[in-house]
Amino acid sequence: MHASFPVDVDLALVGGGGAASLVLAALDRHGVTGLRVAVVDPVHKRGQDRTWAFWGLPGDDLDPLLSASWSQVDVVTPAGRRVLTLDPLRYGMLRSAPVYDRAAAAERRLDAVRISAPAGELRDDGERVVVRDPDGRDLVRAGWVLDSRPRRPKRPGRTRWLQHFRGWWLAADRPTFDPQRAVLMDFRTPQPERGVSFGYVLPVDDRFALVEYTEFGPELLDDAGYDAALCAYADLLGLDLAALRVREVEDGVIPMTDGPFESRPSPRVVRLGTAGGATRPSTGFTFSAMLRQADQVARALAEGRPPVPAPAYPGRHLWMDAVALRALDRGHVGGVEFFERLFDRNPPERVLRFLDGVTSPAEDLAVMRSSPLLPMTGAVLGDAAGRLRARLRR
């Protein structure tokens, strides 16, 4: 806790998780100097508490931090196994500890002030932002605030799903996993009545891997449900759990909704991460957009511009996501069929770039053509009617 309040800074990071850590590292990478920075979070993130998996071009700044990476991945359905060659991309696995370590080093070099207290209200007068604690005490006065605390959408979505998962880090005493083969999605898991499920496998080496069960849908499972699903998936993979050790457990819940997130709630407050729209509505993928936001913020500050990143995804992608979510939620198309056609009828690079939100309009049209025509047309019409009803209510 800082001794004298309020602290006066140029930039305050409210929330010290993944989004803030990436911003700190990016500020350091872009050589930002002379910036007074504060981090407001009651918890100083350290160690392994999450794993991010993402794709991108090799040779970037994150390469030294990766636990593993793959140039090929498998997509498995009941109909068979596809081996996807990702060239020129690579699929990377990044654990949280090196990200937090890099952020801590950047904090020290920036001489940032860390305030170990929860943030409450942000009061923005257009010139400065006052960050208060939940009791109303002023903690920070800042020129800009980057707020990555979880938030609900500005308005409820017409479709409200969740990406929810549990993963086991499994250790073996003898070679058990193939470190050259990552399983991106394995749809042989029993499918929920409403939603889609899949497993995946990310091996660090032949004796250590993350094995995870994921669902997209409106309802969470209980602890017993996740463990049962993971046991069944391990059995499907031919793994003998009695001969393996569960080193770590990872759980998560990420929103999948067409409800809009407000990325700029006031003139000098910018939201990042899921709160700032970085989560892809149709998949729950977040990391790549969060990384782009951090780089854009740091680049802007290095050039003396306001730290306001571009929208995480083009408007046309958000519309496509809303349609896809509606089609899946209303049962117009099955989840396995949807993803199977997506990977079957498009080059792997196009699919991954589309999921990252960086494809061109022409590529988007090609992706749309790979979807089932009649069911998706119905979803388009239903989405248009839903938007009209919402607009009339407002």
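The structure we're discussing is the one just above.
These numbers come from a predicted model, not from an experiment.

A. Looking closely at the side chain of threonine 189. Tracing the backbone shows threonine 189 in the loop between strand S13 (182-186) and strand S14 (196-205). Classification of threonine 189 as buried rests on a relative accessible area of 6%. Polar contacts involving the side chain of threonine 189 include one to the side chain of serine 197, which spans 2.8 Å. Dropping the residues within four chain positions of it, threonine 189 is found in contact with Ser197, Phe198, Gly199, Tyr213, Tyr233 and Leu236.

B. Structural view of the sheet that holds strand S3 (residues 51-56). Strand order in this open sheet of 3 strands is S3-S7-S4, and the pairing throughout is antiparallel. Across the chains shown, the open sheet's two edge strands, defined by having one partner strand only, are S3 and strand S4 (68-70). Each neighbouring strand pair of the sheet contributes to a mean axis angle of 20 degrees, computed without reference to strand direction. Taken together, the 6 bridges between S3 and strand S7 (residues 90-95) define a ladder with antiparallel strand orientation. By the bridge assignment, alanine 53 is partnered in S7 with methionine 93.

C. Here's a closer look at the pattern of salt bridges. The full count for this structure, using the stated rule, is 38 salt bridges. The salt bridge partner of arginine 316 is aspartate 364, with a shortest N-O separation of 2.4 Å. In this pair, arginine 316 sits in helix H5 (residues 315-329) while aspartate 364 sits in helix H8 (residues 361-369), placing the two residues 48 residues apart along the sequence. One network of salt bridges, in which partners are shared, links Asp8, Asp10, Arg36, Arg128 and Arg141.

D. Up close: empty space enclosed by the protein. On inspection of all chains with the given rule, the structure shows 2 cavities of 30 Å³ or more. Space inside the largest cavity adds up to approximately 80 Å³. Looking at the largest cavity, the residues that line it are Ser21, Leu22, Ala25, Ala26, Arg29, Asp61, Leu62, Leu65, Val99, Arg102, Leu291 and Ala294. The set of elements that each furnish at least two residues to the lining of the largest cavity consists of helix H1 (18-29), helix H2 (96-110) and helix H4 (287-302). Sorting elements by how many residues they give to the lining of the largest cavity places H1 first, with 5 residues. A breakdown of the residues in the lining of the largest cavity according to their chemical character gives 8 nonpolar, 1 polar and 3 charged.

E. Inspection of the pairing of S13 at higher detail. With 5 of 5 residues buried, S13 is to be regarded as a mostly interior element. Sheet topology note: the strand S5 (residues 72-77)/S13 ladder contains 4 bridges and is parallel. Counted as the bridge partner of aspartate 74 is valine 183 from S13. Bridge analysis of S13 against S14 gives 2 bridges, and the strand direction is antiparallel. For aspartate 186, the partnering residue across the bridge sits in S14 and is glycine 199.

What counts, and at which threshold
- Residues numbered from 1 in each chain as written.
- Predicted model: local features only at pLDDT ≥ 70, side-chain atom pairs only at ≥ 80, totals over all residues.
- Heavy atoms only, no water.
- Helix = DSSP H or I, 4+ residues; strand = E, 2+ residues; numbered from the N terminus.
- Buried < 20%, exposed > 50% of the residue type's maximum accessible area, 1.4 Å probe, protein only.
- Polar contact = N/O pair within 3.5 Å; in protein donor to acceptor, adjacent residues only side chain to side chain.
- Contact = heavy atoms within 4.5 Å.
- Pairing = 2+ DSSP bridges.
- Axes fitted to C-alpha atoms, helices over the stretch in contact; angles between N-to-C directions.
- Salt bridge = Lys/Arg side-chain N within 4 Å of Asp/Glu carboxyl O.
- 1 Å grid on protein atoms, 1.4 Å probe; cavity = no way out; pocket = protein on both sides within 12 Å on 5 of 7 lines; lining within 4 Å.
- Points joined across faces, edges and corners; volume = space filled by probe spheres on them.
- Nonpolar A, V, L, I, M, F, W, Y, C, P; charged D, E, K, R; others polar.

So, to be careful, I would describe these as geometric facts and stop short of saying anything about function.
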